[in-house]
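Topology and contacts: notes
Below, each chain spelled out in residue letters.
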Amino acid sequence: MLGYSARLKTIVWLYLKRTDRDTRLVENSGASQVYLKRLELASSGRYRCEVSGEAPSFTTVTEHNDMITVALPDDGPKISGGKPRYHIGEQVNVNCTSGTSKPAANLQWYINGEQVNSSFLRGPYKKIVGRESLETTILGLTFKVQPHHFKGGDMKLKCLATISSIYWKSNEESVEGEKQPKPPVLEIKRTNEMDDDKSRADRVQGWYYD
């Protein structure tokens, strides 16, 4: 920065994508901070502070920093395509769709709290929506149900949407395992041999008459 012998004359904040409208964004800024109003997505860019000294040196020092304006989603991610019940060996095909935002949200899938293997994923795919060119992300999940996927009879599928460190929302669905029908039980009844003999005797006696 300027040496102690130099006296500050001017401090100017500049937006390096300057237009007439952009200059109004910083017109009320002070010596130590920049004041922004009516932020838009177009407000993203590089902002520079320029400090100048008095005569005779007129020394000038500049520093800059980049800023990104973010449009956050109004809603959390949505899960679609699932069924309330699955049985072992059945194929799961579900999608997670983020709300519209700028930039697009990053999506992650979890099964029972564990992040899934990338081989189970399809995408991500991004779509541009509306006149403001907001973006939505779609991430598919496909896998074959195995016995270990059910914990206490349930399987939990969760989708997490994040944008940097400022947005963090998830959606979770609980899926039941298909109950297997019980196999029929073959019952074997043993009868007393004496009763069997008596029954046979009764049947034989029925054919004879005095």
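Per-chain numbering applies: the sequence of each chain, read as written, is numbered from 1 onward. Local features are withheld for residues below a pLDDT of 70 in this predicted model, meaning they are given only at 70 or higher, and side-chain atom pairs are given and counted only at 80 or more; totals for whole chains, interfaces and linings count all residues. Excluding hydrogens and water, the side-chain figures rest on all heavy atoms present in the structure.

Some details on the overall build of the protein chain
The number of helices and strands found in the protein chain is two helices and 12 strands. In this text, helices come from DSSP runs of H or I with a minimum length of four residues, and strands from runs of E with a minimum of two, each type numbered from the N-terminal end. Along its sequence from the N terminus, the protein chain presents helices and strands in the succession β-α-β-β-β-β-β-β-β-β-β-β-β-α. In this description, accessible areas are obtained by the Shrake-Rupley approach with a 1.4 Å probe, and a residue is regarded as covered only by the protein chains that are shown. Total accessible area on the protein chain stands at roughly 15,300 Å², and carbon and sulfur atoms take up 50% of it.

Notes on the layout of surface pockets
A probe matching the size of a water molecule, rolled over the atoms, marks out where space remains unfilled. Considering only enclosed or pocket space, the largest pocket measures out at about 150 Å³ in volume. Points on a 1 Å grid over protein atoms alone make up a cavity when a 1.4 Å probe fits among them but cannot get out, and a pocket when they form an open set with protein on both sides within 12 Å along at least five of seven lines; lining residues each have an atom within 4 Å of a point. Taken together, Ile111, Asn112, Glu114, Gln115, Val116, Asn117, Phe120, His148, His149 and Lys151 form the lining of the largest pocket. Looking at the lining of the largest pocket residue by residue, the classes come out as three nonpolar, five polar and two charged. Grid points are joined across faces, edges and corners, and a volume is the space filled by probe spheres set on the points. Gly falls in the polar group here, along with every residue not listed as nonpolar (Ala, Val, Leu, Ile, Met, Phe, Trp, Tyr, Cys, Pro) or charged (Asp, Glu, Lys, Arg).

Here's the deal with the pairing of strand β11 (residues 154-163)
For every residue, the accessible area obtained with a 1.4 Å probe (protein chains only) is divided by the maximum for its type, and the residue is called buried under 20%, exposed over 50%, and partly exposed between those limits. Taken across its 10 residues, β11 has seven buried, putting it largely inside the fold. Pairing between strands requires that DSSP locate at least two bridges from one strand to the other. As judged from the six bridges shared by strand β7 (residues 106-111) and β11, these two strands associate in the antiparallel manner. In the strand pairing of β11, Tyr110 is matched with Lys158. Taken together, the 10 bridges between β11 and strand β12 (residues 167-177) define a ladder with antiparallel strand orientation. Residue pairing for β12: Ala161 is matched across the bridge by Lys169. Taking the residues that link successive antiparallel strands as the turn, the β11-β12 hairpin has three residues, and the phi of Ser164 there is positive, at about 50°.

Focus: the confidence of the model for the protein chain
What pLDDT expresses is the predictor's confidence in each residue, scored from 0 to 100. In this model, the protein chain carries an average pLDDT of 75, and 65% of its residues clear a pLDDT of 70 or more. Across residues 1-11 the pLDDT falls below 50, and counting only partners more than four positions away or on other chains, this stretch makes 25 contacts in the model. Contact definition: two residues touch when any of their heavy atoms are within 4.5 Å. Here residues 18-25 scores under 50 on pLDDT; set against residues more than four positions off or in separate chains, the count is 13 contacts.

Some words on the pairing of β12
Across two bridges, the pairing between strand β5 (residues 85-86) and β12 is parallel. In the strand pairing of β12, Arg85 is matched with Glu176.

Thoughts on the sheet that holds strand β9 (residues 121-129)
Strand order across the open sheet formed by four strands is β4-β6-β10-β9, with antiparallel pairing between neighbours. One side of each edge strand has no neighbouring strand; the edge strands of this open sheet are β4 (78-80) and β9. Across the sheet, the axes of successive neighbouring strands diverge by a mean angle of 20°, strand direction being ignored. In terms of strand pairing, strand β6 (residues 91-97) meets strand β10 (residues 134-144) through seven bridges, oriented antiparallel. Each residue of the ladder has a partner; that of Thr97, found in β10, is Ile138. Axis angles are defined between N-to-C directions and span 0 to 180 degrees, where every axis is a line fitted to C-alpha atoms and, for a helix, only to the segment in contact.

Looking at the sheet that holds β5
With mixed pairing, the five strands of this open sheet are ordered in space as β5-β12-β11-β7-β8. Two strands in the sheet have a free side with no partner beyond their single neighbour: β5 and β8 (114-115).

A look at the packing of aromatic side chains
Any Phe, Tyr or Trp ring, taking Trp's six-membered ring, that has another such ring centre within 6.5 Å forms a pair; planes under 30 degrees apart are called stacked, those over 60 apart edge-to-face, and the others tilted. The tally for this structure, following the rule as stated, stands at one aromatic pair. Look at NZ for Lys and CZ for Arg. If either is within 6 Å of the ring centre and within 35 degrees of the ring normal, a charge sits over the ring. Between the NZ or CZ atom of Lys158 and the centre of the ring of Tyr110, over which it lies, the distance is 5.0 Å.

Focus on the side chain of Ser98
Of note, Ser98 is situated in the loop between β6 and β7. By the criterion applied in these results, polar contacts are pairs of N or O atoms within 3.5 Å in which, for protein atoms, one can donate a hydrogen and the other can accept it, and in which residues neighboring in sequence qualify only through two side-chain atoms. Only 2.8 Å separates the side chain of Ser98 from the backbone nitrogen of Thr137, close enough to count as a polar contact. Ignoring any residue separated from it by four or fewer positions in sequence, one finds Ser98 in contact with Pro77, Ala105, Leu107, Thr136 and Thr137.

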